[in-house]
Amino acid sequence: MQTNEVISITKDQVVPTAEKMRAEGRLLVMIHGHIENDGTPVVSYDYDDGPNVLSYEVRGEASLPTISEIYATAASWPEREINELMPISFEGLDCSKRLFLPDNLTEGKGQITVTSLKELREKNVF
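Keep in mind the model is a prediction, meaning the values are calculated, not measured.

Cut-offs used in this document
- Residues numbered from 1 in each chain as written.
- Predicted model: local features only at pLDDT ≥ 70, side-chain atom pairs only at ≥ 80, totals over all residues.
- Heavy atoms only, no water.
- Buried < 20%, exposed > 50% of the residue type's maximum accessible area, 1.4 Å probe, protein only.
- Helix = DSSP H or I, 4+ residues; strand = E, 2+ residues; numbered from the N terminus.
- Pairing = 2+ DSSP bridges.
- pLDDT = per-residue confidence, 0-100.

Right, let's get into the pairing of strand β3 (residues 41-49). Counting buried positions along β3 gives seven out of nine residues, so the element sits mostly inside the fold. In this sheet, β3 lies alongside strand β2 (residues 28-35) in antiparallel orientation, the contact comprising seven bridges. When the bridges of β3 are listed, I31 appears paired with Y45. Counting the residues between successive antiparallel strands, the hairpin from β2 to β3 contains five residues, one of them, G39, with a positive phi of roughly 95°.

With that settled, the discussion passes to the confidence of the model for the chain. Interpretation of the predicted coordinates at a detailed level should be avoided for regions scoring low in pLDDT. Residues at a pLDDT of 70 or more form 84% of the chain, whose mean pLDDT is 86. The spread of mean pLDDT over the elements of the chain runs between helix α4 (residues 117-123), the lowest at 74, and helix α1 (residues 14-23), the highest at 98.

See below:
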């Protein structure tokens, strides 16, 4: 059975923690980000620990250092996703091109078309 241990860290501990995990041969499982109801940004770095996952969580920081130099694409891709979808940035990360949102969607401008599930079902009935 897999367990998940959540460990709170500060912004200054992100890179040293990643370096330590890499030196121990631990895989970076994922980087998750979300915004709490009160507006607090939360980023969690999940590392493999055998049958367990160690989640290092940073709360209240809108800007964090990238760990892409330590974990390459395993870090840069989720960091770019978080950066694109939330007001959380990663210092040193190249975000000059978007992953999936339209290029004209900046600073609240642009438009993403949202279609209701009911409408999609009606249009796709065989």
